[in-house]
Amino acid sequence: MRTVLPWWALALSTLLSLQASAATRMPVIDRRVERPAAMVNQHGQISWLERTIVFPAGTNAIEFDYFVDSEAGKDFLRVYVNDLVNPVWSLSGLNRRGRQRLNVAASGSVTVRFAYQKDAAGTEGTDTAWVDDVAAFSSGGKGRFEIHRFDALTTTVPTGWVAAGYGGGWRPSTPPVQQSAVRPVVQLGRHGTTSFMERTVTWSPILCNPTCPPWKGALEFDAFVDSEAGDKLNVYIYDAAAPAPGAPVWSSSGRNQAHHLRLNVGMGTKKVRFEYAKDGSGTAGLDTARVDRVVVRAGTGRVVEEHDFSGRTPDTSPIRVGSGPVEWTGGGTYGGWTVVRATPNTAYVPSQSVGQAWAGDWAVFTEPVMDGVVRGADLKNATRFQVVDYGNPVHAPTQVSLVHSKDTGALYASLKLAGNGAAAGLEGGTVTLWLDDGRLTTLQGRGCTASPASPGPEDRRIRFSYSIPSGGTVATVTPQDQGKGTCAGTFNTALSPELWGWEARVSEPSNDLGTVHVEVRVQLPPGALTEQRVGLGLKHEPTFPGGALVRLPFGDDGVGPSEGDVRSWETVSLAYTEGVPELSENPYPACCYPYPSRPGMAGW
């Protein structure tokens, strides 16, 4: 489990290294090893993963990141060292996360086992345990001599490890769909209202032996606010015995405000409240506040709880898993906060005019050439991504480029991806684009009334297949029926005059054999052009096993865009105020264009 940086820190590091060439973004999928999925609700069962590590003589230890989300006192993550009957460390409970170091008294061959054990009845939380970044240390001249990150895109048992027990034992897994806690949808535009979520947390005294170490109790969280100045996200930390909170310990308001906060907290039992309060008039932006990765640090500074809201039941208050224990209570004028799927990153693809350059180091824009060959010279000032091939991870990442023309209103999407083989031809695949018109409405949670996450009749699915015969270089492109959303998670066939204009060209150039070039041009509708924002999901599925399986966005869950969930698609912002970037959605200064997609926090 690597440290998750706030978006502004990532943005700063990106800016410091940004070249004048087009920007790129690589997905990072932080996998781990976890109890088998089939073990949920399987009472009285145990599963495990173990490895024999050869320690030299000296002072030895193992370290690991862990997460447990289980019935407290009943279902445990257990760690065994050589003695496979009596664990040296165990933990249970909801949202228990941290990093643990355990001494290893022996030298030579030592068996280390991680196990998840359920008692005879009862399930709470997501009923899981996982570990990551397992490291072995020794003072015997080796230091940290092993580390296991489990990030390979596979579900097979990691090399050198043995899995056993229920369901065949532990396996590498991908994080679930990322979620955030957010003000209720019905509060949008409701002046003079409040909503909140609240939890009671105890910061216990720390051991003084003989002197007391520095107190490090704290509350950490990511926050996002997009509101007018008078509508605020307020954070309260107050004595649990008090009848009501006093003044907030921290507040934020305004457009596109993203934060990572660490607030010091003293000893005692406290209530932690996140509140969205609207003043008497006015609404701006998404009119929202949300938080994610809420971390409780004990007085020693150790993480004892982390709420990333994964697995919590969406769109309901109070926040919990199903009918399990309440983790965050809710209240306020329009009820409590709920959990929603986190919106993927925003890709900034500035709308460019032919014959102009928005910044001094930009190329003069020309309309891209659509001939099935992806050339950097054709894609002026493109926003570029490098996307992992999920089907064949050994392949080089797929290059995805996005360009928007202000003159024609067209969005150009280009891909250079690994083909089926190095010889000419024998290539094929299916490309799907999902496009969300009215993206602002989606981000506000005001899409389809009964199912806000579903594609509506203004949204489109564009799909085509292609094939290149053996020895050939130019593909035959076969369009499929264009789909329009139904508000039920599906698509019906769109008919004229509702069809969006588009074209596609595909080839395997003779000077780039083994690489398939895909170019797509989509004519965006007036609504998206006026709003300067559109949702985009993209997927390439190969016909042959050697081809590339590519998804954009490549979500934290490793799955990427879902056909029935517009919130799983990338947000493409076309906004740019020439010469006045602070009036644009784009946060980067004019010196540093072309800019990357903004590194996203949950709900961005």
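Note that the coordinates shown come from a computational prediction; the quantities given were computed from them, not determined experimentally. (Residues numbered from 1 in each chain as written. Predicted model: local features only at pLDDT ≥ 70, side-chain atom pairs only at ≥ 80, totals over all residues. Heavy atoms only, no water.)

A.B. asks: What am I meant to see in empty space enclosed by the protein here?
C.D. replies: It is a probe the size of a water molecule, rolled over the atoms, that shows where empty space is left. Scanning all chains against the criterion turns up one cavity of 30 Å³ or more. Considering the residues around the largest cavity, the lining is formed by 14 residues, among which N420, E427, G428, Y466 and G547 are closest to the centre. Here the lining of the largest cavity is composed, by residue class, of seven nonpolar, six polar and one charged. (1 Å grid on protein atoms, 1.4 Å probe; cavity = no way out; pocket = protein on both sides within 12 Å on 5 of 7 lines; lining within 4 Å. Points joined across faces, edges and corners; volume = space filled by probe spheres on them. Nonpolar A, V, L, I, M, F, W, Y, C, P; charged D, E, K, R; others polar.)

A.B. asks: Please explain the pattern of salt bridges as it appears in this structure.
C.D. replies: Once the charged atoms of two side chains with opposite charge are near each other, the side chains can pair. Inspection of every chain in the model, using the stated rule, returns 33 salt bridges. Among the ionic pairs, E63 bridges to R99, the shortest N-O distance being 3.0 Å. Here E63, found in strand β3 (residues 60–69), pairs with R99, found in strand β6 (residues 96–104); they are 36 residues apart in sequence, far enough to count as distant. Connected through shared salt-bridge partners, E63, D65, R99 and R101 make up one network. (Salt bridge = Lys/Arg side-chain N within 4 Å of Asp/Glu carboxyl O. Helix = DSSP H or I, 4+ residues; strand = E, 2+ residues; numbered from the N terminus.)

A.B. asks: I keep staring at the layout of surface pockets and nothing clicks. Help me out?
C.D. replies: Considered as a void within the structure, the second largest pocket measures approximately 310 Å³ in volume. Lining the second largest pocket are 22 residues, with V185, D315, V340, G445 and R567 sitting closest to its centre. Broken down by secondary-structure element, the contributors of at least two residues to the lining of the second largest pocket are β19 (288–297), β22 (338–341) and α2 (439–443). Partitioned by chemical class, the residues of the lining of the second largest pocket number eight nonpolar, eight polar and six charged.

A.B. asks: Please clarify how the pairing of strand β37 (residues 570–573) should be interpreted in this entry.
C.D. replies: Looking down a regular strand, the side chains alternate between one sheet face and the other. Burial along β37 is two-sided: E570 and V572 facing one way and T571 and S573 facing the other are all buried. Relative to β37, strand β23 (residues 346–348) runs parallel, the two sharing three bridges. Among the inter-strand pairings, Y348 is bridged to a residue of β37, identified as S573. Relative to β37, strand β35 (residues 533–542) is paired through four bridges, and the arrangement is antiparallel. Residue pairing across strands places V534 opposite V572, the latter belonging to β37. (Buried < 20%, exposed > 50% of the residue type's maximum accessible area, 1.4 Å probe, protein only. Pairing = 2+ DSSP bridges.)

A.B. asks: Teacher, can you tell me more about the sheet that holds strand β18 (residues 268–277) here?
C.D. replies: As a general point, the strands of a sheet are linked pairwise by backbone hydrogen bonds and lie either parallel or antiparallel. With respect to topology, five strands assemble into an open sheet ordered β16-β15-β18-β13-β21, the strand pairing being antiparallel. Because the sheet does not close on itself, it has two edges, and the strands there are β16 (250–252) and β21 (329–332). Averaged over neighbouring strand pairs, the angle between their axes works out to 20° when direction is ignored. Here strand β15 (residues 232–239) runs beside β16; their pairing, made up of three bridges, is antiparallel. Looking across to β16, one finds that L233 is bridged to S252. (Axes fitted to C-alpha atoms, helices over the stretch in contact; angles between N-to-C directions.)

A.B. asks: Looking at this model, I keep getting lost on the sheet that holds strand β4 (residues 76–81). Mind explaining?
C.D. replies: If you walk across this open sheet you meet the five strands as β5-β4-β7-β2-β10, and the pairing is antiparallel. Either end of the sheet is taken by a strand with one partner, and the two such strands are β5 (89–91) and β10 (162–165). Strand after strand, the sheet turns through a mean of 15° between neighbouring axes, direction not considered. Pairing of β4 with strand β7 (residues 108–117) involves six bridges; the strand directions are antiparallel.

A.B. asks: Honestly, the packing of aromatic side chains in this entry has me stumped. Any pointers?
C.D. replies: Each aromatic ring pair is specified by the distance between its two centres and by the angle formed by the two planes. For the coordinates displayed, the defined rule picks out 13 aromatic pairs. Aromatic side chains F114 and W161 sit 6.4 Å apart centroid to centroid with 35° between the ring planes, which places their arrangement in the tilted category. Of this pair, F114 sits in strand β7 while W161 is found in the loop between β9 (143–148) and β10, placing the two residues 47 residues apart along the sequence. Classification of F114 as buried rests on a relative accessible area of 0%. Residue W161 is classed as buried on the basis of its relative accessible area of 7%. A ring pair is formed by F221 and W250, whose centres lie 5.8 Å apart and whose planes are at 70°; its orientation type is edge-to-face. With F221 in strand β14 (residues 218–226) and W250 in strand β16, this pair connects stretches of sequence that are 29 residues apart. You'll find F221 and W250 in the same group, each marked buried. Here a set of aromatic residues connected by ring pairs shows up, and it is made of F64, Y66, W89, F114, F150 and W161. Residue placement shows R78 over the ring face of F76; its charged tip is 4.4 Å from the ring centre. (Phe/Tyr/Trp six-rings, centres within 6.5 Å; stacked < 30°, edge-to-face > 60°. Lys NZ or Arg CZ within 6 Å of the ring centre and 35° of its normal.)

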